[in-house]
Amino acid sequence: MKRYSITYQVTDFIARLIPKRRNVEGDSSAFIHSVLVFLQQLDQLQESNPRITLSFHSKDGLWVYLDGAAQFFLKPTQKFLLLHIFKKNKLSLSIGKVKGAFQTKRKVHYAECLWEIRQPEFLWLMNYATGEWTSLEVTSPTTQNSHPRYIPGIVRQLALTEFITKGRVCNGVYGRIKKHRISATTPIEFDHILPHSQGGGNTEWNVQVLCVECNRLKRATAQ
Ligand SMILES: [Zn+2]
């Protein structure tokens, strides 16, 4: 089952942070505890705010999306987390202003920044994400929790995980646009495969990821 695979991936994410040998410098259990608290906070944010969606991907780790755009991903290794961010997004600009933290930069290439983060940097990231995103407004009626078209967080998470795992393929619009692969920086939306107006539900079987363009075309041609 799909839900089972998400549980497996979260377990895998945490297990990869646990050192295999003893005598590893620092207190890894405190770090792992912080990571678990952070995952729980992100999960609560995802449930309360449809602008935020998570995805665990078996190779990369945790992807965090905001408003259909990838914000960062966290990849666990045995001593630290690797934080990948896209240059010039809000998070990368905020990190640029932090003095002292984030000095363990390992690699920077054209589109992404890659940082090794340990406990201090991780606590900064945790404060950043929960602080910046807790106050995000949910304005559209279609995204309010009580609205019948509201897609629960776990369903969005399953759809996003499947999308990333299968290589970021947008399913296109039947009869108009073929399936096509999109980049990690292309904005996405969550679509009801059978439209809500035709009885389509908010279940994992009826929700898919589409690129913003295809989703708009699908909505425009359905009416
Ligand atoms: Zn598309």
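Each chain has its residues counted from 1, running along the sequence as written. Given that the model is predicted, a residue must reach a pLDDT of at least 70 before its local features are reported, and side-chain atom pairs must reach 80 or more before they are shown or counted; all residues, however, enter totals for whole chains, interfaces and linings.

Only DSSP runs of H or I with at least four residues qualify as helices, and only runs of E with at least two residues qualify as strands; both kinds are numbered from the N terminus onward. Helices and strands together make up the secondary structure of the protein chain, namely 6 helices and 10 strands. Counting other C-beta atoms within 10 Å of each residue's C-beta, where C-beta atoms are placed from the backbone, gives the exposure class: buried for 20 or more, exposed for 12 or fewer, partly exposed between. Across the 223 residues in the protein chain, those meeting the buried criterion constitute 26%. We call two residues in contact whenever the C-beta atoms placed from their backbones are within 7 Å. For the protein chain, contacts bridging at least 24 residues in sequence account for 55% of all contacts bridging at least 6.

Time to look at the pairing of strand S9 (residues 188-192). Across the 5 residues of S9, 4 count as buried, placing the element largely inside the fold. Paired strands, as defined in this entry, are two strands with at least two bridges between them according to DSSP. Bridge analysis of S9 against strand S10 (residues 207-211) gives 5 bridges, and the strand direction is antiparallel. For Asp191, the partnering residue across the bridge sits in S10 and is Gln208.

Another aspect to go through is unusual backbone geometry. At Asp67, a position not held by glycine, the phi torsion is positive, near 50°. Following the sequence through the fold, Asp67 ends up in the loop between strand S2 (61-66) and strand S3 (69-76). Overall, the presence of 13 C-beta atoms within 10 Å leaves Asp67 in the partly exposed class. Even without being a glycine, Arg168 presents a positive backbone phi close to 55°. Relative to the assigned elements, Arg168 resides in the loop between helix H5 (153-165) and strand S7 (169-170).

The length a helix should cover is 1.5 Å for every residue beyond the first. Its 16 residues place the ends of helix H4 (residues 119-134) 22 Å apart at the C-alpha level, agreeing with the 22 Å of an ideal helix rising 1.5 Å per residue. Those residues of H4 lying buried are Glu121, Leu125 and Ala129. Along the long axis of H4, the arc covered by the buried residues comes to 70°, so they all point the same way. Turned more than 90 degrees off the buried face of H4, the exposed positions are Pro120, Asn127, Gly131 and Thr134. In this context, the arc is that of the directions from the helix axis out to the C-beta atoms.

Per-residue confidence for the protein chain gives a mean pLDDT of 84; residues scoring 70 or more make up 86%. By mean pLDDT, strand S5 (residues 105-108) is the weakest element of the protein chain at 52, and strand S8 (residues 180-181) is the strongest at 98. Summary of the metric used: pLDDT quantifies the predictor's per-residue confidence within the range 0 to 100.

Ranked by internal contacts, the top residues of the largest apolar core, which has 44 residues, are Leu62, Trp63, Leu83, Ala159 and Val209. Top contributing element to this core by residue count: H5, with 6 residues. For every domain, the bounds stem from an assignment made automatically or drawn from a database. Each of domain 1 (2-134) and domain 2 (142-222) contributes no fewer than three residues to this core. Residue contacts for Trp63: discarding those within four places in its chain leaves Leu54, Ser55, His57, Ala70, Phe73 and Ile164. Residues enter a nonpolar core if they are buried, belong to Ala, Val, Leu, Ile, Met, Phe, Trp, Tyr or Cys, and are joined to the set through C-beta atoms within 7 Å.

On to H5. An ideal rise of 1.5 Å per residue puts 18 Å on 13 residues; H5 measures up with 18 Å between its terminal C-alpha atoms. Counting buried residues in H5 gives 10 out of 13 residues, a clear majority hidden from the surface. Of all the residues in H5, the buried ones are Gly153, Val155, Arg156, Gln157, Leu158, Ala159, Leu160, Thr161, Phe163 and Ile164. Just downstream of H5 lies Gly167, where phi reads positive at about 90°.

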